[in-house]
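Spelled out, the chains give:
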Amino acid sequence: FLANNVTPATMVLDFPSEARFVEELRRGWDVVGISFIVANFLKAKRMAELVRRYAPQAKIVLGGHGTPVPEVEEIPNDGVCKGEGVRWLRTFLGEDPERPIRHPILSDSFGGRILGVPVVDRAGHITPGLGCPNACFFCMTSSFFDHKYIPYLGTGKEMFDVCVAIENALGFRKFYVMDENFLAHPERAYELADLMEKHGKNYRFSVFSSAENITRVGVDFLVRLGVISLWLGVESKIETFTKNRGVDFASLVRDLRDRGILVLTSGILFLDQHDRQNIWDDIRFMVGLEPDLMQFMQLGPAPFTPIYRRYKASGRIME
């Protein structure tokens, strides 16, 4: 996405080996961008050290969800992007940061296998926007973008045009939509559905959405839109988040599955309210929803989040 939205020639490496990375550094690039998550902090530091050794003329810029860690300045760098990257990188390179965004033509995945057996699952990748205003206290991605939504594809027409472009280039009619809460902007989804019907396109989508927005647009609309799988943050029945207040999850999950939509539910373990007994009540509640897929994540105070600041203020995080 970044490479598609800046003027200079670029090379994108996706988790290269160290030898491959050094090979590319020797070509004499002017800028090396390293994007990383918290878990890959030491890897990013090692890569930056290799840049200084093999391409000392290159400037190093850091980005991604690993940049909020307090130790980020231990990584050699000439600039750190915290937040939206396209406009930041354009500014760093002396370009116009506000010129129109060009969505890349991307496949969602490649080389998929289950138990070693190749999986043929051809899908395009679409990123309509970044961030989420719900500001759940644990959510690093929401905090990373200052609890705001930053649109790349602000209208249904813009999103439809990207779908058509990917179909024409790659032949895909199924799309993975990387958006924290896609249905939070229903007018975009309504326009997209209208255009699909108008032009006879039976596109299919995998999306993320909070329960409040699913109930707002209705499950039947998701069928009309072509949603085939849905990631749903249930989180917990003990801690009631605003996005889930008043939602009957058992009925919602059942209605989604009855209409052929695959449902992945996500829950959080080790909340402050959990003890040895009620944590099992939460687990049984999540299992009892009978989703197709289920994810449990342990609560962690990721840097930049409200819970991190709360834990640090109360002395529960040591420097």
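Chemist: In this structure, what is going on with the nonpolar core? I would like to understand it.
Modeler: Generally speaking, nonpolar side chains in soluble globular proteins are found buried as a group. The biggest cluster of nonpolar side chains holds 40 residues, and the ones touching the most others in it are Phe182, Phe205, Ile214, Leu222, Leu225, Leu252 and Leu256. Apart from the residues lying within four places of it in its own chain, the contact partners of Leu252 are Ala211, Ile214, Val219, Leu232 and Val247. One finds Ile34, Phe36, Ala48 and Ala55 within the second-largest nonpolar core, a separate group that totals 20 residues.

Chemist: I would appreciate a short explanation of the sheet that holds strand 3 (residues 79-80) in the present structure.
Modeler: Strands in a sheet are paired, the pairing made by backbone hydrogen bonds, and the direction either parallel or antiparallel. Strand order in the open sheet formed by three strands is 1-2-3, and the pairing between neighbours is parallel. The open sheet terminates on both sides in strands that have one partner only, identified here as strand 1 (31-35) and strand 3. Relative to strand 2 (residues 59-63), strand 1 runs parallel, the two being bridged by five bridges. Its bridge partner lying in strand 2, Val31 is registered against Lys59. Where helix 3 (residues 85-92) meets the sheet, it contacts strand 1, strand 2 and strand 3, and its direction lies at approximately 165 degrees from that of strand 2.

Chemist: I keep staring at helix 6 (residues 186-199) and nothing clicks. Help me out?
Modeler: Note: α-helices contain 3.6 residues per turn, so residues at a spacing of three or four share the same orientation. Helix length check: helix 6, at 14 residues, gives a terminal C-alpha distance of 20 Å against a target of 20 Å (1.5 Å per residue), a fit within 8%. Within helix 6, burial applies to Pro186, Arg188, Ala189, Leu192, Ala193, Leu195 and Met196. Buried positions along helix 6 lie against helix 5 (156-170), strand 10 (204-208), helix 7 (211-217) and helix 8 (219-225). Immediately downstream of helix 6, the backbone of Gly200 shows phi near 65 degrees, a positive value.

Calculation notes
- Residues numbered from 1 in each chain as written.
- Predicted model: local features only at pLDDT ≥ 70, side-chain atom pairs only at ≥ 80, totals over all residues.
- Heavy atoms only, no water.
- Core = buried A, V, L, I, M, F, W, Y, C linked by side-chain atoms within 4.5 Å.
- Buried < 20%, exposed > 50% of the residue type's maximum accessible area, 1.4 Å probe, protein only.
- Contact = heavy atoms within 4.5 Å.
- Pairing = 2+ DSSP bridges.
- Helix = DSSP H or I, 4+ residues; strand = E, 2+ residues; numbered from the N terminus.
- Axes fitted to C-alpha atoms, helices over the stretch in contact; angles between N-to-C directions.
- Expected span 1.5 Å × (residues − 1).

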